[in-house]
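Structural description and commentary
Residue-level listing of the chains:
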Amino acid sequence: MNMITPRTEAELADCIAGAQRPMQVVGGGTRSVGTTGGVVLTSRGLSGISLYEPGSLTLVAQAGTPLAEIEAALSTEGQRLPFEPMDHRGLLSNTGEPTIGGVFAANVSGPRRIQVGAARDFLLGVRFVDGTGRILKNGGRVMKNVTGYDLVKLMAGSKGRLGVISEVAFKVLPLPEVMVTLVIKGLDDMAAVRALSQALGSPFEVSGAAHWPGQGTFLRIEGFAGSVAYRAGKLREMLGGEIEEGAQRWAGIRDVAPFHGVAGDIWRLSVKPSDAPEIVARSGAQEALYDWGGGLIWLRTAPGTDLRGRIAAFQRHATLLRADAETLARLPVEQPEPPAVATLSAGIRAKFDPRGIFVTHTDVPQATLS
Amino acid sequence: MEMPTPNPAILAKKPRLVERLLRVLPQDAVIHLEAETRAYECDALTAYRCPPMVAVLPSTTQEVSDILHICHEMGVPVVPRGSGTSLAGGALPTADCLILGVARMNAVLETDYDNRFIKVQSGRTNLSVTGAVQENDFFYAPDPSSQLACSIAGNIAMNSGGAHCLKYGVTTNNLMGVTMVLMDGTVVEIGGAHLDAGGLDLLGVICGSEGQLGVVTEATLRILRKPEGARPVLMGFDSNEVAGACVSDIIKAGVLPVAIEFMDRPCIRATEAFAKAGYPDCEALLIVEVEGSNSEIDEQLEKIIAIARRHNPVELRESKSADESARIWLGRKSAFGAMGQINDYMCLDGTIPVSQLPYVLRRIGEMSKEYGLDVGNVFHAGDGNMHPLILFDANKPGDLELCEAMGADILKLCVEVGGCLTGEHGVGIEKRDLMVDQFAPDDLDIQMAVKDVFDPQWLLNPAKVFPLAASDARRAA
């Protein structure tokens, strides 16, 4: 594999401006679903925290900075990444070092997404290089910014299709004083999602709402000690269950631990929470995990299952996250967009990358042409 | 403020345009007599006015699609309008444009408490979205101060914020989906009742695009359960620096107030004279509000007050009742009115890193002396969103221009310290020509390239956001 690792933003720009062949853009490469088999361009050579102001809750870092380095810096100040990005390595059996640029480029959020928002909601500014080699910036490092179009949101989740992010500025939040988990046992999927909905529709501010069939239904409550005790107590009055100190089990939910090392295709579905139990029932999945109060479903299906066909009646967004090469060649990774939306997306891609330099494994046919 | 010269060829199409519009719209939805189009000559940036050629008030997405289809075919520029409360001139017409007002589209289409969203037509006012769900103790979080009048369409166009966005985020963080009509009449659905679809985040770039990418006709919005209660604490300090440091310490301590509001001495004095809220006569005043049950509020206020005491406050007043809360908020809520009593004023909206607050306030004080214009500062300190109010006399020749020049200098200062020109009001025409101070030509070009995709002929709200010189070639094409 031919890997290009620029060390500076200027080097990155030069290498894109001079590129003669399409490239697959990665950070640490830990979230890649497939590969083009061609040239890989990584931002991991651009590394380091350039500014951290705990009192302003902001951090600016080069895109290739290891996530672990960011988290270490934050923890010394008692802060954290609020959107709780999942680690894809266990699920995808990938190795390598996740980067902060990769987290934002893939808009990776964990259980706390339902309370505080997604990665994209915390990204304040980006610097990136487009497909012609221009160094561009958008947003900044302030909390509120409506100056011009919000290309920060567009770059978040663009997965290397619009440009190579070289620097990110983002908002962080303080660690809570206390975390507890309300564990409710014995609910079927329907009752579980109903309970999660009740909790999320209460004034008691839940920071995680998941259902792991066979294990239990979980609500996470965080904050100052007195407030946590009060809210957890109120939720227990409403829904029953037992209060467990700490939040250890949430890393497993975040990273979809039950599916690690187990054979089968893995799908990630974003749905209307109340539809979730029926979608799971119709999916024929071998195993399911509900997060985001039912709004996020992880499914493990028999290899080659066309899940989208089975649940066509529901409004949902289904991503095929893990499958063998034969299935990936047949089923699109991303949910196909309606034609008018697909035209807009393709139009934007053509503006940011007129030469078609940035390819993902989904674009393999073009990539192999050159 | 320069606007493009009206195109005589487009003005000549007016009779034909009106005739075609009347075929797809009821008669009372097409406003074309000069006496009547005047009602749409400006928004809340009233210094600039120009009646449009025609105004239309559609009731459905289909009608919006028909209107845009006609304008697209005839090459007529379209300026979308919510309630016309923009402080930045976002809905300012040109003489050769059609104003597309969504005010009649104000229905609630779906309310879903289990899944915590509401779907509304975009002309519905911000406050009436909360009005539709409050009997079940839910609310829609973004709360711009014009929320009684401003529409969701305008909120989406400007990505509006409000006093409570420190905790709940701005419009983009609470918007789940839109139905939008493109300039050629195509209707697109983006997002919906589910979160974070894959693909490119088109919703993210539509929000805040100031009506330049399409006309949003319906919106799916996140609604939240109301907290059990809320109470503020008021604190006075003898310098802006100390107040700024206190803000930073509160944020660092892990308390997440819903609002941290800041007023400086000129503003405190003006509001005291006007509203008599009993504020202390000091250099800087903070109002910090927290939410939760009574005991949770006590817990948080105790922590905040402990932090404040370390900064030697000259006044510390914790609310214990609804009555006391109202009195603490009284002055802050009348601040703009109080400043308006003294003189005309221009309200800026630059945002800066919170750490730069003391420096920027000091520099604004110096500029005030240099220009000979009084400035009061009242703003959302928690997120660094400044609102300097520059006082001037509209009847004194040259004063408006002087005030605009000082405003530009303050905004450039915001950019210089790592901030931006506008935190929640939008660029519109007001800050259009300052965009070059924040962005390099390529940074503007890539933004304009997005508009090229949605509106290749640049017919939608064309003379806004980007400096005319920068967008000239595209608008002329």
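Model, not experiment: these values are computed from the prediction. (Residues numbered from 1 in each chain as written. Chains lettered and ligands numbered in written order. Predicted model: local features only at pLDDT ≥ 70, side-chain atom pairs only at ≥ 80, totals over all residues. Heavy atoms only, no water.)

**Concerning the overall build of chain A**
A tally of regular secondary structure across chain A gives 15 helices and 18 strands. A compact globule built from 370 residues should have a C-alpha radius of gyration of about 21 Å, and chain A, at 21 Å, falls within 12% of that. Principal axes of the C-alpha set define a box for chain A whose edges measure 65 × 50 × 35 Å. Buried positions account for 62% of the 370 residues belonging to chain A. Restricting the contact set of chain A to residue pairs at least 6 apart, pairs at least 24 apart contribute 71%. Side-chain charges of chain A comprise 38 positive and 36 negative groups, with the mean position of each set lying 4 Å from the other. (Helix = DSSP H or I, 4+ residues; strand = E, 2+ residues; numbered from the N terminus. Rg over C-alpha atoms; globule rule 2.2 N^0.38 Å. Buried < 20%, exposed > 50% of the residue type's maximum accessible area, 1.4 Å probe, protein only. Contact = heavy atoms within 4.5 Å. Lys, Arg positive; Asp, Glu negative; His and termini not counted. Charge placed at Lys NZ, Arg CZ, Asp CG, Glu CD.)

**A look at the overall build of chain B**
Across its full length, chain B carries 19 helices and 18 strands. Relative to the compact-globule value of 23 Å for 477 residues, chain B shows a C-alpha radius of gyration of 23 Å, a close match. Counting only C-alpha atoms and orienting by the principal axes, one finds that chain B spans roughly 70 × 55 × 40 Å. Counting every position in chain B, which comprises 477 residues, the buried fraction comes to 62%.

**Here's the deal with the packing of aromatic side chains**
Summed over all chains, the structure comprises 11 aromatic pairs over all chains. Residues Trp458 of chain B and Phe466 of chain B carry aromatic rings whose centres are separated by 6.0 Å and whose planes lie at 55 degrees to one another, so their mutual orientation is tilted. Among the residues examined, Trp458 of chain B registers a relative accessible area of 2% and is labelled buried. Exposure remark for Phe466 of chain B: the relative accessible area of 0% places this residue in the buried category. These aromatic residues form a ring-pair network of at least three members: Phe83, Phe104, Phe122 and Phe170 of chain A. Above the face of the Trp292 of chain A ring, Arg113 of chain A is positioned so that its terminal group lies 5.8 Å from the ring centre. (Phe/Tyr/Trp six-rings, centres within 6.5 Å; stacked < 30°, edge-to-face > 60°. Lys NZ or Arg CZ within 6 Å of the ring centre and 35° of its normal.)

**Comments concerning the environment of Arg475 of chain B**
Residue and element names in this part refer to chain B. Checked against the element boundaries, Arg475 lands in helix H19 (residues 468-476). Taking the C-alpha atoms as reference, Arg475 lies 22 Å from Ala55; in sequence the two are 420 residues apart. In this structure, Arg475 is in contact with Pro4, Trp458, Pro462, Ala463 and Leu468, ignoring residues within four places of it in sequence.

**With respect to the side chain of Ser202 of chain A**
Residue and element names in this part refer to chain A. Along the polypeptide, Ser202 turns up in the loop between helix H8 (189-200) and strand S12 (208-212). Take Ser202: its relative accessible area is 7%, and that puts it in the buried class. Looking at Ser202, its side chain comes within polar contact range of the main-chain oxygen of Ala199, at 2.7 Å. For Ser202, the side chain forms a polar contact with the main-chain nitrogen of Phe204, separated by 3.1 Å. (Polar contact = N/O pair within 3.5 Å; in protein donor to acceptor, adjacent residues only side chain to side chain.)

**Describing the pattern of salt bridges**
Note on pairing: side chains with opposite charge can pair once their charged atoms come close. Scanning the entire structure with this criterion turns up 53 salt bridges over all chains. Note that Glu242 of chain A and Arg236 of chain A form a salt bridge whose closest N and O atoms lie 3.8 Å from each other. With its nearest N and O atoms 2.7 Å apart, the salt bridge here joins Glu244 of chain A to Arg249 of chain A. A single network of salt bridges, built from pairs that share partners, joins Asp130, Arg134 and Lys351 of chain A together with Asp442, Asp445, Asp452 and Arg474 of chain B. (Salt bridge = Lys/Arg side-chain N within 4 Å of Asp/Glu carboxyl O.)

**So, unusual backbone geometry**
Most peptide bonds are trans, and most residues other than glycine sit at a negative phi. Residue and element names in this part refer to chain A. Even without being glycine, Asn107 reaches a positive phi, approximately 45 degrees. Assignment of secondary structure puts Asn107 in the loop between helix H4 (100-105) and helix H5 (113-116). Despite not being glycine, Val256 has its phi angle at roughly 55 degrees, a positive value. Checked against the element boundaries, Val256 lands in the loop between helix H10 (249-254) and strand S15 (265-271). With relative accessibility at 0%, the residue Val256 sits in the buried group.

**Points about the interface of chain A and chain B**
Accessible area lost on assembly of the parts is the figure often given for the size of an interface. Across the boundary between the two partners, chain A contributes 73 residues, which contact 95 residues of chain B. For the pair chain A and chain B, the summed buried area comes to about 6,500 Å², and 57% of that belongs to carbon and sulfur atoms. By the criterion of area lost to chain B, the three top residues of chain A are Lys144, Val146 and Tyr149 of chain A, representing 15% of everything that side buries. In this structure, the salt-bridge partner of Asp452 of chain B is Lys351 of chain A, at a minimum N-O distance of 3.9 Å. Here chain A is connected to chain B by 27 residue pairs in polar contact (both at pLDDT 80 or more). Mapped onto the side of chain A that touches chain B, the elements with two or more residues apiece are H5, helix H6 (119-122), strand S8 (135-139), helix H7 (151-155), H8, helix H9 (225-239), S15 and helix H14 (339-352) of chain A. (Buried area = accessible area lost by both parts, 1.4 Å probe.)

**Some words on the pairing of strand S3 (residues 39-42) of chain A**
Residue and element names in this part refer to chain A. The alternating pattern of S3 places Val39 and Leu41 and Val40 and Thr42 on opposite faces, both of which are buried. In terms of strand pairing, strand S1 (residues 3-4) meets S3 through two bridges, oriented parallel. Within S3, the residue paired with Met3 across the bridge is Val40. Bridge count for strand S2 (residues 23-26) against S3 is four bridges, and the pairing is parallel. The residue bridging Val25 from the neighbouring strand is Leu41, located in S3. (Pairing = 2+ DSSP bridges.)

**So, the nonpolar core**
Counting residues in hydrophobic clusters, the biggest one holds 162 residues, and the most contacted among them are Leu154, Trp298 and Phe352 of chain A together with Leu202, Met235, Leu286 and Phe454 of chain B. Of all the elements, helix H16 (residues 399-416) of chain B adds the most residues to this core, at eight residues. Those residues in contact with Leu286 of chain B, other than ones at most four positions away along the chain, are Val233, Leu234, Met235, Phe237, Ala243, Cys246, Val247, Ile260, Glu261 and Phe262 of chain B. Judged by nonpolar contacts, the second largest core, of 28 residues, contains Leu17, Leu25, Met105 and Val181 of chain B. (Core = buried A, V, L, I, M, F, W, Y, C linked by side-chain atoms within 4.5 Å.)

**Description of the confidence of the model for chain A**
Per-residue confidence for chain A averages 94 on the pLDDT scale, and 98% of its residues sit at or above 70. The low-confidence segment residues 364-370 of chain A, where pLDDT is below 50, has seven contacts with residues more than four positions distant or belonging to other chains. (pLDDT = per-residue confidence, 0-100.)

**Regarding H8 of chain A**
All names here are of chain A. Taking 1.5 Å of rise per residue, the 12 residues of H8 would be expected to cover 16 Å, and the 16 Å separating its terminal C-alpha atoms lies within 8% of that figure. The inward-facing, buried residues of H8 abut H5, S12, strand S13 (216-223), H9, helix H11 (276-283) and strand S16 (287-291). Where H8 begins, the capping side chain belongs to Asp188, and its oxygen is found 3.2 Å from the backbone nitrogen of Met190. (Expected span 1.5 Å × (residues − 1).)

**A word on the sheet that holds strand S4 (residues 49-53) of chain A**
Read from one edge of the open sheet, five strands run S4-S5-S9-S7-S8 (chain A), paired in antiparallel fashion. The open sheet terminates on both sides in strands that have one partner only, identified here as S4 and S8 of chain A. The sheet shows a mean angle of 15 degrees between the axes of neighbouring strands, taken without regard to direction. In the sheet, strand S7 (residues 123-130) of chain A pairs with strand S9 (residues 163-171) of chain A via seven bridges, with the strands oriented antiparallel. Within S9 of chain A, the residue paired with Arg127 of chain A across the bridge is Glu167 of chain A. Running at roughly 70 degrees to S8 of chain A, helix H18 (residues 441-454) of chain B makes contact with S7 and S8 of chain A of the sheet. (Axes fitted to C-alpha atoms, helices over the stretch in contact; angles between N-to-C directions.)

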